[in-house]
Protein chains: 2
Amino acid sequence: MRALVTGGAGFIGSHLCDRLIAQGEHVWCVDNLHLGQRRNIAHLEKSNAFHFLEMDVLDRARLGELFAEAKLDAIFHLAANSDIAAGSADPELDFRLNELTTTAVLETMRRHGVTRLFFAGTSAIFGEAHGALHEDFGPLAPISLYGASKLAAEAYLSAYAHLYGLRTVVLRFPNVVGERATHGVIYDFLRKLDQNPRELEVLGDGTQTKPYLYVGDLIDAILVAWEQSSGPLAVYHAAGVGETSVQEIAEIVLAATGHAGAAIRCTGGDRGWPGDVPKFRYDISRLQALGWRPRRHSTDAVRLAVERIKANGF
Amino acid sequence: MRALVTGGAGFIGSHLCDRLIAQGEHVWCVDNLHLGQRRNIAHLEKSNAFHFLEMDVLDRARLGELFAEAKLDAIFHLAANSDIAAGSADPELDFRLNELTTTAVLETMRRHGVTRLFFAGTSAIFGEAHGALHEDFGPLAPISLYGASKLAAEAYLSAYAHLYGLRTVVLRFPNVVGERATHGVIYDFLRKLDQNPRELEVLGDGTQTKPYLYVGDLIDAILVAWEQSSGPLAVYHAAGVGETSVQEIAEIVLAATGHAGAAIRCTGGDRGWPGDVPKFRYDISRLQALGWRPRRHSTDAVRLAVERIKANGF
């Protein structure tokens, strides 16, 4: 496989590069270093099979040159703004980084005759839907610009897959945790404790409850979906077992960092920020039918992530 | 009401302007005359309550000036590329005319504090889904760039409605027929018969079957949905009774134009063009619950449209 990983120096992208290189693939890692970090891939740069390019996927001319030179046959499109709260402050941010990067990739694939695409989807496209969300659930009513831009991207993926003969795999991620993350609830707590070890501020009332998946388990899910699925457009949901509340995460972080005595102060309200979906659950039976198994409980994924983040040097 | 109708000189937009003026509203009609035609609204221009501006909704600076000057309180966003086949030839067309016009309207509303919005949706967002399609149906897997761009627009409508306090009504149109249409199956047939009265070419195998709604009945549906709905985002489907095949439409057009003896020649294949959805049906119970009633069978809508188009001078 001659694979392009967009956002490849980011949190999830760099873990995917690790796995692809370990499997013996050739990897072109593209990142504008907006959220991605060079140190996430520094250990890969000695490999002859790994090529890093600092560039923006929105630069269609350079993207086209890369397709022509590298003779790519597989695209893993992970470049995105993954910081939902930041997107609500600037309406253009999610549109450009989530939707326009996707249509740039799609149009470049069409022009260069590349047909195999992986896309990083999200539960945020469902808005505040209740119950265990199956891949076919409707209606889709996102409440954040992050969710809207990812849904818009999925809309074009679907049309391109059917019109132009692509083979596209969408895996809609749950909340993903692990080392190399640059934001998210665990990092937020660690940063706050660095500044004030006596009191931990929790956005919302602490009852927000979501499924967390350890990044290594997500990479397994990506590769199972990639290898096992067929047809123009295959969509999957991945999650571990169960869900975890923000209050529980706060307690895990406090215990792991030796601040068990610190006070937890909730800012109140049912959610952390406008556009936050306070609770969701996935139906993962479709991915399980391909042979993927969740290896951990959501809360164990959080514990493992806190450990690895500490070991990795926060 | 001080209403902006985008695409107001177009087929459906001009009928909506007629009705709003008849109801005593103030109407600002905006159209770039890409598909719209000045003669569709010529009869309205003597009214003091009617204002026409030839401009592009994508010109955000001019759109903002209009919002400021006209003190608008209701937006009916109908500007779009409604020619699905044209959109498959140029991947940028639907993106710009369907999605970017919508995000321009949304962002201008947010900046000017205007909260009431109507949006012209479409069944094309469902792709090749079977059964009677309810508003909550999933998955949404469009097979045309037209469908993708309208789904992308709906995605941002949902996020803006929930984040910024808009009150948005989406009516997903079926196939709409009537006088002033500039394309579509009836016009296509009339044009072909003009050129060759002995033989009528039908794209596909003629079995494509869809619900057709007369434009006057659609305007009723728009206004019922507009007046009766509440909440940040209300979505409805409208259709008449039953569906009509392309073969039946061909026969109606031949009979109405005195070419009953002409041959019908189907080009073959199950659809008219890439991205065409050959069959669909709507569940319209949600709009019926608001008091709207379909007044005609789909095939009677086609007959009425052919009559009115002839009377209007094709």
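Everything quoted here is computed from the prediction, not taken from an experiment.

*Asks:* How do you make sense of the interface of chain B and chain A when you look at a structure like this?
*Replies:* In many reports, interface size means the accessible area that the parts give up when they come together. On the side of chain A, 29 residues touch chain B, which itself brings 29 residues to the contact. Secondary structure elements with two or more residues in the side of chain B that touches chain A: helix H4 (91-112), helix H5 (145-164) and strand E12 (233-237) of chain B. Partitioned by chemical class, the residues of the side of chain B that touches chain A number 18 nonpolar, 8 polar and 3 charged.

*Asks:* Would you mind showing me how to read the relation of the copies chain B and chain A here?
*Replies:* For the pair of chain copies, the relating transformation is a rotation about an axis with a translation along it. Once turned by 180° and shifted 0.0 Å along the axis, chain B lies on chain A with an RMSD of 0.0 Å. The relationship between the two copies is best expressed as a two-fold rotation axis. The overlap is high: 100% of the interface residues of chain B also sit at the interface in chain A, so the same surface is used on both sides.

*Asks:* Mind showing me how you'd approach the confidence of the model for chain A here?
*Replies:* One rule of thumb: low pLDDT means the predicted coordinates there are not for detailed reading. Averaged over all residues, the pLDDT of chain A is 95; the fraction at 70 or higher stands at 100%. Taken over the whole predicted complex, pTM reads 0.97, whereas the ipTM for its chain interfaces reads 0.96.

*Asks:* I would appreciate a short explanation of the packing of helix H2 (residues 60-70) of chain B against H4(B) in the present structure.
*Replies:* Think of two packed helices as two axes; the pair is described by the angle between the axes and how far apart they sit. Residue and element names in this part refer to chain B. Between H2 and H4, the least distance of the axes is 10 Å, while the angle of their chain directions is 40°. The pairing of H2 with H4 is recorded here as oblique in orientation. Crossing hand, H2 versus H4: right-handed. Together, Arg60, Leu63, Gly64, Phe67 and Ala68 of H2 and Ala104, Thr108, Arg111 and His112 of H4 make up the contact between the two elements. When grouped by side-chain class, the residues that make up the contact of H2 with H4 number 4 nonpolar, 3 polar and 2 charged.

*Asks:* Would you mind going over the sheet that holds strand E7 (residues 167-173) of chain A with me for this structure?
*Replies:* Through backbone hydrogen bonds, the strands of a sheet pair up, either in parallel or in antiparallel fashion. All names here are of chain A. Ordered by their spatial adjacency, 7 strands build an open sheet running E3-E2-E1-E4-E5-E7-E12, and the pairing between neighbours is parallel. Every interior strand has two partners, whereas the edge strands, strand E3 (50-54) and strand E12 (233-237), have only one. Across the sheet, the mean angle from the axis of one strand to that of its neighbour is 15°, orientation sign disregarded. Looking at chain direction, E7 and E12 are connected through 5 bridges and run parallel. Residue pairing across strands places valine 170 opposite valine 235, the latter belonging to E12. Where helix H7 (residues 215-228) meets the sheet, it contacts strand E5 (116-122), E7 and E12, and its direction lies at approximately 155° from that of E7.

*Asks:* Just checking my understanding: could you explain the nonpolar core for this structure?
*Replies:* Nonpolar side chains in soluble globular proteins tend to be buried together. Counting 199 residues, the largest nonpolar core has Leu171(A), Val177(A), Ala238(A), Leu171(B), Val177(B) and Ala238(B) as its most contacted members. Residues in contact with Leu171(A), not counting those within four places in the same chain, are Ala120(A), Gly121(A), Ala221(A), Ile222(A), Ala225(A), Tyr236(A) and Ala238(A).

Reading guide: rules and limits
- For every chain, the first residue of its written sequence is number 1, and the numbers climb from 1 along that sequence.
- Written order determines the labels here, with chains lettered from A and ligands numbered from 1.
- With the structure being a predicted model, the display of local features is reserved for residues of pLDDT at least 70 and the display and counting of side-chain atom pairs for 80 or more, all residues being used for whole-chain, interface and lining totals.
- A pair of residues counts as a contact when their C-beta atoms, built from backbone coordinates, are within 7 Å of each other.
- Here a strand is any run of E in DSSP of at least two residues, a helix any run of H or I of at least four, and the numbering for each starts at the N terminus.
- Residues are sorted three ways: Asp, Glu, Lys and Arg are charged, Ala, Val, Leu, Ile, Met, Phe, Trp, Tyr, Cys and Pro are nonpolar, and all the rest, Gly among them, are polar.
- Residues below a pLDDT of 70 in either copy are left out; the C-alpha atoms of the rest, at least 70 in both, set the least-squares superposition of the copies.
- Note: pLDDT gives the predictor's confidence per residue, expressed from 0 to 100.
- Structural elements are reduced to axes, namely lines fitted to C-alpha atoms, with helices fitted over the stretch in contact, and the angle between N-to-C directions of any two is expressed from 0 to 180 degrees.
- Roughly parallel here means an angle under 35 degrees, roughly antiparallel means over 145, roughly perpendicular means 65 to 115, and every remaining angle is called oblique.
- Put simply, a crossing is left-handed when the front helix is turned counterclockwise from the back one by less than a right angle, and right-handed when it is turned clockwise.
- Only strands that DSSP links by at least two bridges are regarded as paired with each other.
- We define the nonpolar core as any set of buried residues of the types Ala, Val, Leu, Ile, Met, Phe, Trp, Tyr and Cys, connected via C-beta atoms lying within 7 Å of each other.
- Exposed residues have 12 or fewer other C-beta atoms within 10 Å of their own C-beta, buried residues have 20 or more, and residues in between are partly exposed; the C-beta atoms are placed from the backbone.

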